[in-house]
Amino acid sequence: MATRVRRPATAFLVLVLVAAGAAAAAAPEVRIEAGVLRGMTAGGVDAFKGIPYAAPPVGDLRWRAPQPAVPWPGVRDATAYGHDCVQLPAPGDAGASGSSRAEDCLVLNVWRPASAGPGRRLPVLVWIHGGGFVSGAASVPLFDGSAFARDGVVLVGINYRLGRLGFFAHPALTAAHEGPLANYGLMDQLAALQWVRRNVAAFGGDPDAVTVAGESAGGIAVIHLLTSPAARGLFRRAAVLSGGGRTYLLPQRALSATTGSLPSAEASGLAFAASAGITGTDAAALRALRALPAERVSGDLGMAALLDLPATYTGGPVRDGVIVTAQPEAAFRRGAFAPVPLVIGTTQDDLGAGPPPADFFGPDAEQARRAYDPGGSLGTAMVAALVAEDLTMHEPARFVARAMTQAGAPAWLYRFDYVAEALRAQTDSAGHASELAYVFARLDARYGSAVTDADRRMAALVHGYFANFVRHGDPNGPGLPAWPRFDPAGFDLMLFTATGARVTPDPWRGRLALVERALARRQ
């Protein structure tokens, strides 16, 4: 009798072990230039995480252009995220990832359909996260690429160096002649795109069908890539979510020259070095700077610091003459940009980089007052905030859409003003970054059990448009309201609201025209 009991138990154990072995054997593997990766499969999607696209930027590689990734022996486990780049997350930030942070952070993550493999040549979306160039990561739960993968897209989410580790200048670095200076975070993005060009076919992706997209600082980065000769040929389509288009959000410093009252990037580096007790501009000073703990270099640079920019930080991208040669507006005006299909837009209640000068509208001041505050009830501070949003986000998006259209490439302009039903008691307007959960169809990661059917319908619309754009270079597709190309003669846009998606003349067309006219007078 005892034998009869043991035999089924033994058989059951064998079945469990066989099943476990089969599951392990079924784990997807991919060979890329640096070695073999083993990922994981769930819900019809393969995920490969924490993939190094460059060598760790530590020691003598701190503040240098990214170097090739170090090959590894055997099979590398790619089932967990790598480190986020060193940063100071804001408490309660919905965009925080919860991952560990380290200077060794030049990694990316790939999601693909589980049926994909070499030879498939699927369209590719490269995602650049936002965070003011001081925070954020590709491991943020919102940026899980599973929904895109289920739609036949290979999604690649990238990390890049942030804060003083990503944007830094110092005379000792200039004197070392080690390559391009200051914009190390932007160099990382270029290196990641080059990695995609060389490696994405191994995942079943098409290196000739790459869309680059980003939001906020990531959108600014896409604007930079559109206007950078170094990025030519690395992507075929682009999407800019709340990324401006005329200037960077903060005053842009030159590498070594004072710009008006703005010190050079090297001056900010000298100020930081002095705060760390490091003087001089020779090789010894550079060694001392590179020996500082990464957390000391990053310091208290968080999103809050951008409101009162410290003298020890460049503020983000630097006009170095090599990676960044001009403000984006100048590049668009002279036609120095890649004419590619473009989706670009903003949220209804987007960011403003600062109040405009009191005399900004000049002879149009009274007309502007009526346009922004027809009832006379908003007050000076609120009007200034609305003008700042238009200057920073809304009008520049229209400016870029027009420039792209005039260059012969199609553009689609949108404004997102859908508020999740769980938030409508608190706000009636969609804030900065609120569209991300819908673009990625990751509502549960943002709103949990409070997600409603109406929210999911909006996610189906927004995600559908973006997935179509990545696949076909056009957001339109079956089951979606028609979204016509941007026409500079009409300034219509796609408006996402609680009632759905509809194309409409821009309700702010009049006030944006006044902003545009005021900017033209200042040329």
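Quick summary incoming for the structure in this document. (Residues numbered from 1 in each chain as written. Predicted model: local features only at pLDDT ≥ 70, side-chain atom pairs only at ≥ 80, totals over all residues. Heavy atoms only, no water.)

### Topic: the sheet that holds strand β2 (residues 35-38)
Strand order in the open sheet formed by 3 strands is β1-β2-β5, and the pairing between neighbours is mixed. Two strands in the sheet have a free side with no partner beyond their single neighbour: β1 (29-32) and β5 (75-77). Averaged over all pairs of adjacent strands, the angle between their axes in this sheet comes to 30°, without regard to strand direction. Bridge count between β1 and β2: 4 bridges; the pairing is antiparallel. Among the inter-strand pairings, arginine 31 is bridged to a residue of β2, identified as valine 36. (Pairing = 2+ DSSP bridges. Helix = DSSP H or I, 4+ residues; strand = E, 2+ residues; numbered from the N terminus. Axes fitted to C-alpha atoms, helices over the stretch in contact; angles between N-to-C directions.)

### Observations concerning the side chain of aspartate 506
Of note, aspartate 506 is situated in the loop between β16 (500-505) and α16 (509-521). On the accessibility criterion, aspartate 506 (6% relative accessible area) is buried. There is a polar contact of 2.9 Å between the side chain of aspartate 506 and the backbone nitrogen of tryptophan 508. (Buried < 20%, exposed > 50% of the residue type's maximum accessible area, 1.4 Å probe, protein only. Polar contact = N/O pair within 3.5 Å; in protein donor to acceptor, adjacent residues only side chain to side chain.)

### Some details on the pattern of salt bridges
All chains considered together, the criterion is met by 23 salt bridges. The salt bridge partner of aspartate 206 is arginine 121, with a shortest N-O separation of 2.7 Å. With a gap of 85 residues between them, aspartate 206 in strand β11 (residues 205-215) and arginine 121 in the loop between β6 (107-113) and β7 (122-128) connect regions that are remote in the sequence. Between aspartate 364 and arginine 517 there is a salt bridge; the shortest N-O distance is 2.9 Å. Of this pair, aspartate 364 sits in the loop between β13 (342-347) and α11 (365-372) while arginine 517 sits in helix α16; the two residues are 153 residues apart in sequence, bridging distant segments of the chain. (Salt bridge = Lys/Arg side-chain N within 4 Å of Asp/Glu carboxyl O.)

### Some points on the nonpolar core
Of all hydrophobic cores here, the largest spans 102 residues; its most connected members are Leu226 and Phe235. Considering every element that reaches this core, the biggest residue donor is helix α5 (residues 184-199), with 9 residues. Those residues within four positions of leucine 226 in sequence are excluded, and the remaining contacts are Arg232, Phe235, Ala238, Val240, Ala336, Phe337, Ala338, Val340, Leu342 and Met404. (Core = buried A, V, L, I, M, F, W, Y, C linked by side-chain atoms within 4.5 Å. Contact = heavy atoms within 4.5 Å.)

### Comments concerning the packing of α11 against α16
Close contact between α11 and α16 brings their axes to 9 Å; oriented N to C, the two are set at 150°. Considering their axes alone, α11 and α16 lie roughly antiparallel with respect to each other. Remark: the crossing between α11 and α16 carries left-handed chirality. Packed against α11, whose contacting residues are Gln367, Ala368, Ala371 and Tyr372, the element α16 presents Arg511, Leu514, Val515 and Arg517 at the interface. Of the residues contributing to the contact of α11 with α16, the split by class is 5 nonpolar, 1 polar and 2 charged. (Parallel < 35°, antiparallel > 145°, perpendicular 65-115°, else oblique. Left-handed = near helix turned anticlockwise from the far one by under 90°. Nonpolar A, V, L, I, M, F, W, Y, C, P; charged D, E, K, R; others polar.)

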